[in-house]
Amino acid sequence: MRADPRAWGPPVAGIAVALLLAEAASRAEVLPSTYFPPVSRTVVTLAGELGQGALWAAVGHTLQGWALGLGLAAALAIPAGVAIGTSAVRYRACRMLIEFLRPIPSVALIPLAILVYGIGLESKVFLAAFAALWPLLIQTVYGMQDVDPVALDTARVFGLRRSERLTRVVLPSAVPYVATGLRISSTVALILAVTAELVIGSAGLGREINAARAGGATDLMYALIIVTGLVGWGLNGIFSRVERRVLRWHPAHRTVEGSAA
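Per chain, the residues get numbers from 1 upward, laid out in the order the sequence is written. Where local features are concerned, this predicted model is filtered to residues with pLDDT of at least 70; where side-chain atom pairs are given and counted, the filter is 80 or more; whole-chain, interface and lining totals use all residues. Derived side-chain values reflect all non-hydrogen atoms in the structure, with water molecules and hydrogen atoms excluded from consideration.

Chemist: Can you help me understand the packing of aromatic side chains in this one?
Modeler: What characterises a pair of aromatic rings is the spacing of the ring centres plus the angle enclosed by the ring planes. Two rings from Phe, Tyr or Trp (for Trp, the six-membered ring) form a pair when their centres sit within 6.5 Å of each other. Planes less than 30 degrees apart are called stacked, planes more than 60 degrees apart edge-to-face, and all others tilted. Per the counting criterion, the structure on display carries 4 aromatic pairs. Each ring, one from Phe130 and one from Trp134, has its centre 5.8 Å from the other, and the planes form 80 degrees; the classification is edge-to-face. Of this pair, Phe130 and Trp134 both sit in helix H6 (residues 121–145), 4 residues apart, which is roughly one turn of that helix. Phe130 gets classed as buried once you look at its relative accessible area, which sits at 15%. Relative accessibility decides the category of a residue: with a 1.4 Å probe and only protein chains considered, values under 20% of the type maximum give buried, values over 50% give exposed, and everything between is partly exposed. Relative accessible area serves as the criterion here: at 8%, Trp134 is assigned to the buried category. Only DSSP runs of H or I with at least four residues qualify as helices, and only runs of E with at least two residues qualify as strands; both kinds are numbered from the N terminus onward.

Chemist: Even after reading the chapter, I still don't get the packing of helix H8 (residues 162–199) against helix H9 (residues 205–214), so can you show me in this structure?
Modeler: Describing two packed helices takes the angle between their axes plus the distance from one axis to the other. Every axis corresponds to a line fitted to the C-alpha atoms, with the helix fit spanning only the stretch in contact, and the corresponding angles, defined between N-to-C directions, vary from 0 to 180 degrees. Interhelical geometry of H8 versus H9 gives an angle of 40 degrees and a closest axis separation of 6 Å. By the angle between their axes, H8 is oblique relative to H9. In this structure, H8 crosses over H9, and the sense of that crossing is right-handed. For the pair H8 and H9, the contacting residues are Val194, Glu197 and Leu198 in the first and Leu205, Gly206, Arg207, Ile209 and Asn210 in the second. Looking at the contact of H8 with H9, its residues break down into 4 nonpolar, 2 polar and 2 charged. Angle categories: roughly parallel below 35 degrees, roughly antiparallel above 145, roughly perpendicular from 65 to 115, and oblique for all the rest. For a crossing to be left-handed, the near helix must be turned anticlockwise from the far one by less than a right angle; the clockwise case is right-handed. Contacts are residue-level and defined by heavy atoms, with any inter-residue pair within 4.5 Å sufficient. Put simply, Ala, Val, Leu, Ile, Met, Phe, Trp, Tyr, Cys and Pro go in the nonpolar bin, Asp, Glu, Lys and Arg in the charged bin, and everything else, Gly too, in the polar bin.

Right, here's the structure in full:
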């Protein structure tokens, strides 16, 4: 199936216009080229870096911290969300604690992370996991609570036990919420992984960006920032594609596919 130009044309045109405006502003010194080099120079630098092993090693370190942080968050948040969301008593007991911990900025825990784990991978994973935990936990809890009462009543009428209602009705109903929570938490985990690399100095793209800034290599700094953005865009695209494939049965995705057709 060929891609519809009407779908990808406007985004590509918007990006091209933004890049041309940034190039013109830098060339005309509207934006000082010392701090905002022309886009063309940044692209040339980026092309040169693509052949360097150091760039891919940094990408690997960042993805390692992201994957471990997101995996740890999922391992904690999904079971906890299922347990909390299936009981009104547990929900009331945990709600205040969740609402207290959830707004704490993960960057505020950087001193604690350094004190406990040092400046290595463990600190990056801790910060990424803490930040990614809350969106996924909240989405899982809401998914467990937002079950069609008619479906539950029908399951009771057919004599399904509590465990069967959980596995056959409640959990399938919560899957779209969990999928959305995973996609949001993936982005949050990447942000915190790069932040840890910038602030703490853990190995990865963030540390390379900071080193380029300290060395006055602004072309390289922006090239690495672009790589970071592309990594985030790629991960979001992967999660969105998997979500559409897994949840093909869900009305929202059926509507999108029908509109595209």
